[in-house]
Amino acid sequence: MNKFDAIRPFSDTEINDGILKVLDHPMMKALMSFCFPGVEDEIWKEQLKKTHSIRDFQCNFIYYGVKQVLEKSSDGLTTSGFEKLDKNTPYLYISNHRDIVLDTTFLNASLFENGKLMTSSAIGDNLVKRPFLKILAKLNRNFLVQRDLTPRELLVSSKLLAEYIAHLLLHENRSVWIAQREGRTKDGNDATNPGVLKMIGMGSDEPNLMDYFKKIKVVPVSISYEYDPTDALKMPQLIAESNNEVYIKEKNEDIMTLLSGIVGQKKRIHIHIGDVLDAEIDEIKQNFDTSNKQIQALAQVIDDSILSSYRLWPTNYIAYDILYNTNTYQEFYTENEKSLFERRMEMRIDHNNAIAKQGFLDMYANPVVNKLKYTNAV
């Protein structure tokens, strides 16, 4: 019995059993038909039956699904910064969070193409309540972040999660991906929750927390989508919060959001790999005397990296100019791009709802606002 059994993905020895359990599931058929259009069921089933490692499953199946997603619902994925990574070194990637599964899926596809170690990735257990989805997550090297816990349970769970992350990075030579905050950004403001860093720090065996963060090689990652395929789906929560109401998700909302993210139009996508935080951590250790202040400073350094390297698109500049009633950034987009954006907004939100309109524009404009803090040449 492994102490991480409740949250860990399958080991390679368990992969085949996991596959056989879902081989005939209708959702597996749907997934494989998407990954391999026109291929007979028996062909992919035979290949799956011969699969005995997570890497084989990811490279021979999931990777082709990613290619289909990019082909059918985007204008392509570009990357920068991957050349800075060592191919045998595990890193802790902390990224902004825009899409439930695509952020980490696109990162892993890019790591694979660049010959670097792929990640074990955090996913909320609320997203994999259905048995098929839980098995698929475990096949794809996801580990579970347990949600909806009492404060006492949360403490125990956080410690276990932190120890598992440390185990992956320091003993299994496995990179890890985790979002900078729980839940996707709804308003375009990417900000690291210090609580996430405190949780990660619970896996430390170092006297000084910053020595541990230096040891596990923190790499900030920024991912940006020209169009957020789930932009309209984020509106109900924003409207509820603006009315000081508690937002309660619909029964299948997470699944619908997950699917919308996969099939919805994204146009261009960019992933930037930041520098490994090294000298920055030394500076934090030198300048701040309590672990609380150090964690706050580390969160700020991660934000600085993500926001300053975030790729802005015409949609961001258009939203900014509409929202602030200005032509400041008109050189960064065409009239055609602006009319397409306005038409999309008209189709996806209720124009009579001022809060929805503000929320929609904020979502695209805030990355420009945030970038202005770091450079005048946006």
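Our structure is the block above this text.
What you are looking at is a predicted structure, and each value in this text was computed from that prediction instead of being measured. (Residues numbered from 1 in each chain as written. Predicted model: local features only at pLDDT ≥ 70, side-chain atom pairs only at ≥ 80, totals over all residues. Heavy atoms only, no water.)

What about the overall build of the protein?
At step 1: Counting its regular elements, the protein contains 16 helices and seven strands.
At step 2: Counting only C-alpha atoms and orienting by the principal axes, one finds that the protein spans roughly 60 × 60 × 45 Å.
At step 3: With 378 residues in all, the protein has 53% of them scored as buried.
At step 4: Long-range pairs, those at least 24 residues apart, make up 77% of the contacts in the protein with a sequence separation of at least 6.
At step 5: Computed over 46 positive and 52 negative side-chain charges, the separation of the two mean positions in the protein equals 3 Å. (Helix = DSSP H or I, 4+ residues; strand = E, 2+ residues; numbered from the N terminus. Buried < 20%, exposed > 50% of the residue type's maximum accessible area, 1.4 Å probe, protein only. Contact = heavy atoms within 4.5 Å. Lys, Arg positive; Asp, Glu negative; His and termini not counted. Charge placed at Lys NZ, Arg CZ, Asp CG, Glu CD.)

Overview of the packing of aromatic side chains
At step 1: Counted according to the given criterion, the structure contains 20 aromatic pairs.
At step 2: With a centroid separation of 5.6 Å and an interplanar angle of 70 degrees, the aromatic rings of Phe143 and Tyr164 are classed as edge-to-face. Of the two residues, Phe143 is situated in strand E4 (residues 142–145) and Tyr164 in helix H7 (residues 151–170); the sequence distance between them amounts to 21 residues.
At step 3: For Phe143, a relative accessible area of 0% corresponds to the buried category.
At step 4: Note on Tyr164: relative accessible area 4%, which makes it buried.
At step 5: Aromatic side chains Tyr212 and Phe213 sit 6.0 Å apart centroid to centroid with 65 degrees between the ring planes, which places their arrangement in the edge-to-face category.
At step 6: The buried category is assigned to Phe213, whose relative accessible area is 0%.
At step 7: Among the aromatic side chains, those forming a connected cluster through ring pairs are Phe36, Phe57, Phe61, Tyr63, Tyr64 and Phe112. (Phe/Tyr/Trp six-rings, centres within 6.5 Å; stacked < 30°, edge-to-face > 60°.)

Topic: the side chain of Asn316
At step 1: Structurally, the position occupied by Asn316 is in helix H14 (residues 314–323).
At step 2: A distance of 2.7 Å separates the side chain of Asn316 from the backbone nitrogen of Trp313, its partner in a polar contact.
At step 3: Discounting residues that sit within four places of it in the chain, Asn316 has contacts with Arg311, Tyr364, Ala365, Pro367 and Val368. (Polar contact = N/O pair within 3.5 Å; in protein donor to acceptor, adjacent residues only side chain to side chain.)

What to know about the state of the cysteines
At step 1: Throughout the structure, instances matching the rule amount to zero disulfides.
At step 2: Cys35 takes part in no disulfide bond, and the closest cysteine sulfur to it belongs to Cys59, at a distance of 13 Å.
At step 3: Note on Cys59: relative accessible area 11%, which makes it buried. (Disulfide = S-S within 2.5 Å.)

These figures capture arrangement, not role.
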